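Descriptive structure summary
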Amino acid sequence: MTHIPDMPDIEWRISPGLTPYDQSLAEMEARAAAVVAGEARELVWLLEHPPVYTAGTSADPVELVDPRFPVFQTGRGGKYTYHGPGQRTGYLVLDLNKRGRDVRHFVHTLEDWLIAALGRLGVNAFRAEGRVGIWTRDGGSEAKVGAIGVRVRRWVTLHGFAINVAPDLSHFGGIVPCGLPEFPVTSLFALNGVKSLETFDEALAFSFPAFLNDLGAVRQNEA
């Protein structure tokens, strides 16, 4: 069982099985509104979806090559991406009013968190200039192992990330992932045989306190 970080102000939730995308979207939106109103704790929600394609605010319909799975329009940034079994999707409902009102810093710190978690599992991941997401080298060439897409409303974050632990990579063939046809996608399983979502969750939990600390650095600088 994944060790849950001890955080009285933040709920750390791991949903078993496959959570329908529209259901999770509605719950995330409601939770964000409650956080804005001061009526709920912040949330880190780890889950899996049935196979779907989602379109960000800059998605180009030409890049939806084969809509073999349901397609959802979403308010997050970015283009088309895929969610499905074997992929760890994480939704972050965090209040930047108390963690620093800097969206760029939030995304940068989120990338650092995911890179650190992957590093604990033996994957040398990195950010790439001009390309959002989490990257690594697979057979010598750069490949994308994780996607990031966020939205901020009244300084509360929505959406988050998706890390390919052990999904069916052929499912990405229905889209141009993140609008980058020249780069392949890969997974932890393809890189080093890791296929347990719980193993990745443990790495996320271990690295989470450092993420919060780095995120709050903006707030400290504002003081």
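Presented here is a report on the structure given in the accompanying data block.

Parameters and conventions
Residues numbered from 1 in each chain as written. Predicted model: local features only at pLDDT ≥ 70, side-chain atom pairs only at ≥ 80, totals over all residues. Heavy atoms only, no water. Helix = DSSP H or I, 4+ residues; strand = E, 2+ residues; numbered from the N terminus. Rg over C-alpha atoms; globule rule 2.2 N^0.38 Å. Buried < 20%, exposed > 50% of the residue type's maximum accessible area, 1.4 Å probe, protein only. Contact = heavy atoms within 4.5 Å. Areas by Shrake-Rupley, 256 points an atom, 1.4 Å probe, with all protein chains shown as cover. Lys, Arg positive; Asp, Glu negative; His and termini not counted. Charge placed at Lys NZ, Arg CZ, Asp CG, Glu CD. Salt bridge = Lys/Arg side-chain N within 4 Å of Asp/Glu carboxyl O. Pairing = 2+ DSSP bridges. Axes fitted to C-alpha atoms, helices over the stretch in contact; angles between N-to-C directions. Phe/Tyr/Trp six-rings, centres within 6.5 Å; stacked < 30°, edge-to-face > 60°. Lys NZ or Arg CZ within 6 Å of the ring centre and 35° of its normal. Core = buried A, V, L, I, M, F, W, Y, C linked by side-chain atoms within 4.5 Å.

**Concerning the overall build of the protein chain**
Secondary structure assignment for the protein chain yields five helices and ten strands. Here the C-alpha atoms of the protein chain give a radius of gyration of 16 Å, agreeing with the 17 Å that 2.2 N^0.38 yields for 223 residues. Along the three orthogonal principal directions, the C-alpha set of the protein chain runs to about 45 × 35 × 35 Å. Considering the protein chain as a whole, with its 223 residues, one finds that 52% of them fall into the buried category. At a minimum sequence separation of 6, the contacts of the protein chain that also span at least 24 residues come to 70%. About 9900 Å² of surface is accessible on the protein chain, with carbon and sulfur atoms providing 52% of the total. Seen as two clouds, the 21 positive and the 26 negative side-chain charges of the protein chain have centres 3 Å apart.

**Points about the pattern of salt bridges**
This structure, assessed with the given rule, holds 13 salt bridges. Between Lys-98 and Glu-42 there is a salt bridge, with the nearest N and O atoms lying 3.4 Å from each other. Taken as a pair, Lys-98 in the loop between strand E6 (87-93) and helix H2 (103-120) and Glu-42 in strand E2 (residues 42-48) lie far apart in primary sequence, 56 residues in all. The exposure class assigned to Lys-98 is partly exposed, which follows from its relative accessible area of 42%. Note on Glu-42: relative accessible area 1%, which makes it buried. Residue Arg-68 pairs with Asp-66 through a salt bridge whose shortest N-O separation is 3.2 Å. Look at Arg-68 and you get partly exposed, because its relative accessible area is 37%. The exposure class of Asp-66 is partly exposed, given its relative accessible area of 33%. The network of salt bridges with shared partners includes Glu-11, Arg-13, Glu-27 and Arg-31.

**Remarks on the sheet that holds strand E7 (residues 126-128)**
Strands belonging to one sheet form pairs held by backbone hydrogen bonds; the direction of such a pair is parallel or antiparallel. Overall, mixed pairing links the seven strands, which are arranged E1-E2-E6-E10-E9-E8-E7 in an open sheet. The open sheet has two free edges, formed respectively by strand E1 (10-18) and E7, since each of these has just one partner strand. Sheet twist, expressed as the mean angle between neighbouring strand axes with direction ignored, is 25°. Of the strand pairs in this sheet, strand E9 (residues 141-153) and strand E10 (residues 156-164) are connected by eight bridges, and their pairing is antiparallel. Looking across to E10, one finds that Arg-151 is bridged to Leu-158.

**What to know about the packing of aromatic side chains**
Applying the stated rule across the entire model yields 13 aromatic pairs. With a centroid separation of 5.5 Å and an interplanar angle of 55°, the aromatic rings of Tyr-53 and Phe-69 are classed as tilted. Of this pair, Tyr-53 sits in strand E3 (residues 52-55) while Phe-69 sits in the loop between E3 and strand E4 (71-73), placing them 16 residues apart in sequence. With 5.2 Å between their ring centres and 75° between their planes, Trp-135 and Phe-183 make a pair best called edge-to-face. Residue Trp-135 is found in strand E8 (residues 131-138), and its partner Phe-183 is found in the loop between E10 and helix H3 (188-192); the two are separated by 48 residues along the sequence. Positioned over the ring face of Phe-206 is Arg-120, at 3.6 Å from the centre of the ring. Note that Arg-131 overlies the ring of Phe-183, its terminal NZ or CZ placed 4.1 Å from the centroid.

**Observations regarding the pairing of E9**
Examined bridge by bridge, E8 and E9 share five bridges and lie antiparallel to one another. Following the sheet pairing, Asp-138 is matched in E9 by Ser-141. Taking the residues that link successive antiparallel strands as the turn, the E8-E9 hairpin has two residues, and the phi of Gly-139 there is positive, at about 70°. Count of turn residues in the E9/E10 antiparallel hairpin: two residues, of which Arg-154 carries a positive phi of about 55°.

**With respect to the sheet that holds strand E5 (residues 80-83)**
Strand order in the open sheet formed by three strands is E4-E3-E5, and the pairing between neighbours is mixed. Two strands in the sheet have a free side with no partner beyond their single neighbour: E4 and E5. Put simply, the sheet's adjacent strands are angled 30° from each other on average, direction ignored.

**Quick word on the nonpolar core**
Of all hydrophobic cores here, the largest spans 37 residues; its most connected members are Trp-113, Phe-161 and Phe-200. Sorting the residues of this core by element identifies E1, E2, H2, E9, E10 and helix H4 (197-215) as the ones contributing at least two each. Top element by residues in this core is H4. It accounts for nine residues. Counting 13 residues, the second-largest nonpolar core is a separate cluster that includes Leu-43, Leu-47, Val-52 and Val-156.

**Quick notes on the side chain of Thr-19**
The topology assignment puts Thr-19 in the loop between E1 and helix H1 (21-36). Excluding residues within four positions of it along the chain, Thr-19 makes contact with Ser-24, Trp-45, Leu-47, Glu-48, His-49 and Pro-50.

By themselves, these figures tell us nothing about what the structure is for.
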